[in-house]
Amino acid sequence: RQDAVVHLLRDKPVDLMIVIGGYNSSNTANLARIFAASRPTFHIAEPDCLVSADAIRHRPVGTKAEISSSGWLPQGREVSIGLTSGASTPDNLVGVAVARLAGFCS
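Not measured: the values here are computed from a predicted model.

Before going further, it helps to examine the pattern of salt bridges. Scanning all chains against the criterion turns up 4 salt bridges. E66 is the partner of R57 in a salt bridge, and the nearest nitrogen-oxygen pair spans 3.5 Å.

Attention now moves to the sheet that holds strand β2 (residues 41–44). In space, the 3 strands of this open sheet follow the order β2-β1-β5, with parallel pairing throughout. Of all strands in the sheet, those with a lone pairing partner are β2 and β5 (81–85), marking the two edges. Strand-to-strand twist in this sheet, taken as the mean axis angle between neighbours without regard to direction, amounts to 15°. Note that strand β1 (residues 16–20) and β5 share 5 bridges and pair parallel. Its bridge partner lying in β5, I20 is registered against S85.

Another aspect to go through is the pairing of β1. Of all the 5 residues making up β1, 5 are buried; the element is thus mostly covered by neighbouring parts of the structure. Burial along β1 is two-sided: the face carrying L16, I18 and I20 and the face carrying M17 and V19 are both buried. Bridge count between β1 and β2: 4 bridges; the pairing is parallel. Counterpart to I20 in the pairing with β2 is I44. At this point the chain moves from β1, through helix α2 (residues 26–36), to the parallel β2, and the crossover so formed is right-handed.

On to the environment of A45, then. Within the fold, A45 resides in the loop between β2 and β3 (55–58). A sequence separation of 22 residues divides A45 from Y23, and the C-alpha atoms of the two residues are 6.2 Å apart. Beyond its immediate sequence surroundings of up to four residues, A45 is in contact with I20, G21 and Y23.

Here T84 lies in strand β5. When neighbours within four sequence positions are excluded, T84 is seen to be in contact with M17, I18, V19, I20, L31 and F35.

Below, the discussion takes up the packing of aromatic side chains. In total, this model carries 2 aromatic pairs according to the counting rule given. Pairing F42 with W72 gives two aromatic rings, centres 5.7 Å apart and planes at 75°, and the pair type is edge-to-face. Residue F42 is located in strand β2, and its partner W72 is located in the loop between β4 (67–70) and β5; the two are separated by 30 residues in the primary sequence. The exposure class of F42 is buried, given its relative accessible area of 10%.

As a further point, take α2. Among all positions in α2, only T28, A29, L31, A32 and F35 are buried. Taken down its axis, α2 places every buried residue within 155° of arc, on the same side.

Rules used throughout
- Residues numbered from 1 in each chain as written.
- Predicted model: local features only at pLDDT ≥ 70, side-chain atom pairs only at ≥ 80, totals over all residues.
- Heavy atoms only, no water.
- Salt bridge = Lys/Arg side-chain N within 4 Å of Asp/Glu carboxyl O.
- Pairing = 2+ DSSP bridges.
- Helix = DSSP H or I, 4+ residues; strand = E, 2+ residues; numbered from the N terminus.
- Axes fitted to C-alpha atoms, helices over the stretch in contact; angles between N-to-C directions.
- Buried < 20%, exposed > 50% of the residue type's maximum accessible area, 1.4 Å probe, protein only.
- Right-handed = clockwise from strand over helix to strand, strands pointing away.
- Contact = heavy atoms within 4.5 Å.
- Phe/Tyr/Trp six-rings, centres within 6.5 Å; stacked < 30°, edge-to-face > 60°.
- Arc of directions from axis to C-beta.

Remember that the coordinates give geometry; whether it matters functionally is a separate question.
Below, the structure is given as structure tokens:
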């Protein structure tokens, strides 16, 4: 997954990144760290952390606590969102996250 992340950063215009997976997963935290070096990145534990187009619960890279942030999703323009998950994150959680994000766009 880390190789795929590097290719995504190199080959795709991504405005912001969402990384789904447990906060205690070193693999997932490393994925978030890679993205955070070059664009806004939100490490979320589960799809319910995507509260609304304005609010998100996430753990910032390099911290130990989950926080809530507002204004995370830019409004009034097209936004390209990258999405990845840790190796142990079930595919169905990724699907739910994609559906939530799609709902914010309507």
